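Letter by letter, the chains look like this.
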Amino acid sequence: LSSISDTDNLETKEVERQEVGSAGSHANQVCPDDIPTLAFPSISTSDFQFNLEKAADIIVEQVAEFLNKFRNARLVLVDLSHKSKILSLVKARIAEKNMDTQKFFTHVGDITHLYSRGGLRCNAIANAANWRLKPGGGGVNAAIFNAAGPELESATKDKVKSLSPGNAAVVPLPSSSPLFTREGVTHVIHVLGPNMNPQRPNYLNNDYNKGCKILQDAYTSLFDGFASILR
Ligand code: AR6
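Residues numbered from 1 in each chain as written. Predicted model: local features only at pLDDT ≥ 70, side-chain atom pairs only at ≥ 80, totals over all residues. Heavy atoms only, no water.

Lining the immediate environment of the ligand, one finds 23 residues, of which Ser 44, Asp 47, Asp 79, Gly 137 and Val 140 sit closest. Ser 46 places a main-chain nitrogen or oxygen 3.0 Å from an oxygen atom of the ligand. In the model, an oxygen atom of the ligand is placed 2.4 Å from a nitrogen or oxygen of the Gly 137 main chain. A total of 710 Å² of accessible area belongs to the ligand in isolation, and the protein chains cover 92% of it. In a pocket analysis with a 2 Å cut-off to the grid points, the ligand is assigned to the largest pocket. If you list the elements that add at least two residues to the shell around the ligand, you get β2 (74-79) and α5 (139-148). Residue contributions to the shell around the ligand peak at 4 residues, all from α5. (Near = heavy atom within 4 Å. Polar contact = N/O pair within 3.5 Å; in protein donor to acceptor, adjacent residues only side chain to side chain. Areas by Shrake-Rupley, 256 points an atom, 1.4 Å probe, with all protein chains shown as cover. 1 Å grid on protein atoms, 1.4 Å probe; cavity = no way out; pocket = protein on both sides within 12 Å on 5 of 7 lines; lining within 4 Å. Sits in = over half its atoms within 2 Å of the grid points. Helix = DSSP H or I, 4+ residues; strand = E, 2+ residues; numbered from the N terminus.)

Dropping the structure here:
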């Protein structure tokens, strides 16, 4: 269940390896055992203004649940800055709960340059999307759509038209996308989290009963989506 085993995927991985291998000085840092890895940003905690402590609890709880089921996979929480509060909060919980830091860790860097700048190989990356699944709008959504090129927009349109809060959509990245060739990313998983920003659609007006449930659902859908590409 937990390893990529069908022939199509193996062929895809071989192509990736060759292309990524020519990416430059980080080639030696490729994880030798090539564990399937999902990198994800903290959903809803920036533009959508979700409470950071509550988000950190939910991230750690949902990650633990996923790793119980899938032992041959890694999850990486990414943020741009060493000063990231959400990374500190999650790191503290990882330590408290003695979680396996080979399987779940935090990483500082741009999610669109994990391999080329950080030497971190990730098959899949998550996007904190908007409900229309449109490029732009700032944050990680703008960064991912920019880095992936028009290929991501058309591949997304082919798969799904819109998302409701708490849901995710897995989009296979065309092999012509720079994110595929440069970074080795084969899938982008769009996730729509709960919104606590009055300026944005589906505003929850500080209702954290609903908000926490939606954030849990969002991570469940994200990790289920990642699991679906492992099979
Ligand atoms: N690499 C890694 N992490 C990043 C990057 C990056 N390039 N850019 C931002 N982050 P946000 P949300 C982190 O605001 O709160 C958009 O406009 C950031 O520091 O992107 O779910 C969409 O269109 C934070 O920790 O997502 C939606 O309308 C995390 O990514 C709305 O924002 C999420 O921040 C979604 O808001």
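From this point, the discussion proceeds with the structure in view.
The next subject is the pairing of β2. Along β2, 5 of the 6 residues are buried, which leaves the element largely enclosed by surrounding structure. Relative to β2, strand β1 (residues 37-41) runs parallel, the two sharing 5 bridges. Looking at β2, one finds that Leu 38 is bridged to Leu 75. Crossover connection from β1 via helix α2 (residues 52-69) to parallel β2: handedness right-handed. Considered for its hand, the β-α-β crossover made up of β2, helix α3 (residues 85-96) and strand β3 (residues 104-108) is right-handed. (Buried < 20%, exposed > 50% of the residue type's maximum accessible area, 1.4 Å probe, protein only. Pairing = 2+ DSSP bridges. Right-handed = clockwise from strand over helix to strand, strands pointing away.)

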